[in-house]
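The residues making up each chain are set out below.
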Amino acid sequence: MRTTTFVVLFCLFLAPGVARAQEEEVADKKFWAVSTFLIGSTIYDIESTYFVLGKCKTCEEGNPIMRPFVKAGKPALYAAQGSIDAGVLYMSYKMKKGDTRFKKVWWLLPVAMAAGHMVAGTYNMRFAIRF
């Protein structure tokens, strides 16, 4: 009787926890590394943009979609870019968690966006050197 009770309790309460522990962790070191790279490159792009604008009074943001946020100030630009980054990271998380064909390329969009931010930030810094 005790063995039967133990088996029933194990199946009801402990087995689901053991099964969950064996699942792949979604927010692992790779996910956090990609997230850090995206957020760091976004900060680099924003700060280099304002660095150039501080040195060159006739310069303006080249991206027409981000131009109103740049003119509104750093908090508005950080809020806009942070929202975009959060959406991309949420989508990447869902892609990595799901059982779809996109599971293996979850990192592609955040890395591509981070590369774009790095290129833009480096362009800004190279442009600022001229002034």
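All values reported here derive from a predicted model rather than from experimental measurement.

### Quick look at the state of the cysteines
Counted according to the given criterion, the structure contains one disulfide. Each sulfur in the disulfide pair Cys56 and Cys59 lies 2.1 Å from the other. For the disulfide bridge between Cys56 and Cys59, the dihedral angle about the S-S bond is near 85°, and by the sign convention the bridge is right-handed.

### Focus: the pattern of salt bridges
In this structure the tally under the stated criterion is three salt bridges. Here Glu47 ties to Lys74 by a salt bridge, and the two come within 2.9 Å at their closest N and O atoms. Linking Glu47 in helix α2 (residues 29-55) with Lys74 in helix α4 (residues 74-97), this pair joins segments that are 27 residues apart in sequence. For Lys74, a relative accessible area of 34% translates into the label partly exposed. Across the salt bridge formed by Lys103 and Asp99, the nearest N and O atoms sit 3.9 Å from each other. Asp99 gets classed as exposed once you look at its relative accessible area, which sits at 75%.

### Concerning the layout of surface pockets
Looking at the largest pocket, its volume works out to about 390 Å³. Around the largest pocket, the lining is made up of 19 residues, and of these Asp45, Thr49, Glu61, Gly62 and Asn124 lie nearest the centre. Elements that contribute at least two residues to the lining of the largest pocket include exactly α2, α4 and α5 (108-129). Ranked by the residues each element gives to the lining of the largest pocket, the list is headed by α5, at six residues. Its residues assigned to classes, the lining of the largest pocket comprises nine nonpolar, seven polar and three charged.

### What about the confidence of the model for the protein?
Averaged over all residues, the pLDDT of the protein is 86; the fraction at 70 or higher stands at 82%. Of all helices and strands in the protein, the one with the weakest mean pLDDT is helix α1 (residues 2-22) (44), whereas α2 scores best (97).

Parameters and conventions
Residues numbered from 1 in each chain as written. Predicted model: local features only at pLDDT ≥ 70, side-chain atom pairs only at ≥ 80, totals over all residues. Heavy atoms only, no water. Disulfide = S-S within 2.5 Å. Salt bridge = Lys/Arg side-chain N within 4 Å of Asp/Glu carboxyl O. Helix = DSSP H or I, 4+ residues; strand = E, 2+ residues; numbered from the N terminus. Buried < 20%, exposed > 50% of the residue type's maximum accessible area, 1.4 Å probe, protein only. 1 Å grid on protein atoms, 1.4 Å probe; cavity = no way out; pocket = protein on both sides within 12 Å on 5 of 7 lines; lining within 4 Å. Points joined across faces, edges and corners; volume = space filled by probe spheres on them. Nonpolar A, V, L, I, M, F, W, Y, C, P; charged D, E, K, R; others polar. pLDDT = per-residue confidence, 0-100.

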